[in-house]
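So the chains spell out like this:
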Amino acid sequence: MTQIAIKFVQWEVPALVTLQNSRAYILRESLNNGGKLSREDKNWLTREVRNGTYFNKGIALGGYYFDFSDVLKRYFVKQYGHISEYYAVDKTALRSVLYGRIEDIVELN
């Protein structure tokens, strides 16, 4: 079972319990208990990981790191002649957060 979140800042932050109602906390807790992700959850998680500044396999929230590396896969996407690396739950979720013409998506193991 994966920890819900890990404190990644050096300064004092409120207890993790204060983030119980956040979507990241609820999703991580659900996955820890064997739950499945809905399409909406997959798209949301992929969008948040893509737009995140600090981590590429999780979400930073309130000084805590919510790790979702167990459900994220690594993809290379070719767009407009350039190749970029992304982490996403699946190809459908990745397509939902990318704009423009996608030439190819390749999943890496």
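Above this note sits the structure.
Residues numbered from 1 in each chain as written. Predicted model: local features only at pLDDT ≥ 70, side-chain atom pairs only at ≥ 80, totals over all residues. Heavy atoms only, no water.

K.L.:
Is there a simple way to explain the side chain of Asp41 in this structure?
P.N.:
For Asp41, the location among the structural elements is in helix H2 (residues 39-51). Only 2.9 Å separates the side chain of Asp41 from the side chain of Arg23, close enough to count as a polar contact. Sequence-distant contacts of Asp41, defined by excluding residues within four places in its chain, comprise Arg23 and Leu27. (Helix = DSSP H or I, 4+ residues; strand = E, 2+ residues; numbered from the N terminus. Polar contact = N/O pair within 3.5 Å; in protein donor to acceptor, adjacent residues only side chain to side chain. Contact = heavy atoms within 4.5 Å.)

K.L.:
Explain the pairing of strand S2 (residues 58-61) here, please?
P.N.:
Successive side chains on a regular strand alternate, one facing one side of the sheet and the next facing the other. Here S2 runs beside strand S3 (residues 64-67); their pairing, made up of four bridges, is antiparallel. Its bridge partner being in S3, Leu61 is matched across the sheet by Tyr64. Turn length for the S2-S3 hairpin, with the two strands adjacent in sequence and antiparallel, is two residues, and the turn residue Gly62 shows positive phi of about 60°. (Pairing = 2+ DSSP bridges.)

K.L.:
Is there a simple way to explain helix H1 (residues 23-32) in this structure?
P.N.:
Note: α-helices contain 3.6 residues per turn, so residues at a spacing of three or four share the same orientation. Listing the buried residues of H1 in full gives Ala24, Tyr25, Leu27, Arg28, Leu31 and Asn32. Projection of H1 onto a plane perpendicular to its axis shows the buried side chains occupying an angular sector of 165°, all on one side. Packing partners of the buried residues in H1 comprise H2, S2 and S3. Phi for Gly34, located one or two positions after H1, is positive at around 85°. (Buried < 20%, exposed > 50% of the residue type's maximum accessible area, 1.4 Å probe, protein only. Arc of directions from axis to C-beta.)

K.L.:
How should the nonpolar core be read in this particular structure?
P.N.:
Side chains of a nonpolar character, in soluble globular proteins, are inclined to be buried together. Leu45, Ile59, Phe66, Phe68 and Leu72 are the most contacted members of the largest nonpolar core, which has 21 residues in total. Breaking this core down by element, the ones donating at least two residues are H1, H2 and S3. Looking at which element gives the most residues to this core, the answer is H1, with four residues. Discounting residues that sit within four places of it in the chain, Leu45 has contacts with Leu37, Ile59, Phe68, Val71, Leu72 and Val89. Ala88, Val97, Leu98 and Ile102 belong to the second-largest nonpolar core, a separate cluster that totals nine residues. (Core = buried A, V, L, I, M, F, W, Y, C linked by side-chain atoms within 4.5 Å.)

K.L.:
What should I look at first to understand H2 in this one?
P.N.:
Between its first and last C-alpha atoms H2 spans 18 Å; for 13 residues at 1.5 Å apiece the expected length is 18 Å, and the two agree. Those residues of H2 that sit buried are Asp41, Asn43, Trp44, Leu45, Thr46 and Val49. Looking at the packing, one finds that the buried side of H2 touches H1, S2, strand S5 (82-88) and helix H3 (91-97). (Expected span 1.5 Å × (residues − 1).)

K.L.:
Is there a simple way to think about the pattern of salt bridges in this case?
P.N.:
If the charged atoms of two oppositely charged side chains come close together, the side chains can form a pair. Scanning the model with the defined rule gives seven salt bridges in all. Within this structure, Arg23, Glu40 and Asp41 form a network of salt bridges that share partners. (Salt bridge = Lys/Arg side-chain N within 4 Å of Asp/Glu carboxyl O.)

Just geometry here; none of it tells us what the structure is for.
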